Amino acid sequence: LEFARHREAATCAGGGGLLPLTNRKNAEAIARERVTQHQALGGGVIVTTCASSRRAFASQGAVVFDLATLLAKAFEAK
């Protein structure tokens with residue numbers, strides 16, 4: 001499943017634009033809200049292509065993988 005707000009309607013994960021360095025509390029609050037939204041939809045592993053999002057979600061305790069790593073592991077298994 002995807003986040004309730006995704007694609008063109010997606011919101012920031014709080015990890016980009018140097019936000020974690022310039023306004024850490026705000027960055028953490030944004031990431032926490034996104035993880036809370038994900039959990040409300042049933043939770044589970046989050047997969048992203050954005051390294052900043054992966055870091056932000058993981059900092060809030062979410063289990064997160066980047067898509068490239070999952071693809072690489074899938075090809076290694078064959």
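The structure under discussion appears in the preceding block.
Residues numbered from 1 in each chain as written. Predicted model: local features only at pLDDT ≥ 70, side-chain atom pairs only at ≥ 80, totals over all residues. Heavy atoms only, no water.

Chemist: Just checking my understanding: could you explain the pattern of salt bridges for this structure?
Modeler: When charged atoms on two side chains of opposite charge get close, those side chains can pair. In this structure the tally under the stated criterion is two salt bridges. Among the ionic pairs, E2 bridges to R7, the shortest N-O distance being 3.4 Å. For R7, a relative accessible area of 63% gives the class exposed. Note that R24 is salt-bridged to E28, the shortest N-O span being 3.1 Å. Here the residue R24 and the residue E28 both occupy positions in helix α2 (residues 24-40), the gap between them amounting to four residues, near one helical turn. Residue classification places E28 among the partly exposed residues on the basis of a relative accessible area of 29%. (Salt bridge = Lys/Arg side-chain N within 4 Å of Asp/Glu carboxyl O. Buried < 20%, exposed > 50% of the residue type's maximum accessible area, 1.4 Å probe, protein only. Helix = DSSP H or I, 4+ residues; strand = E, 2+ residues; numbered from the N terminus.)

Distances and angles like these do not, on their own, reveal function.
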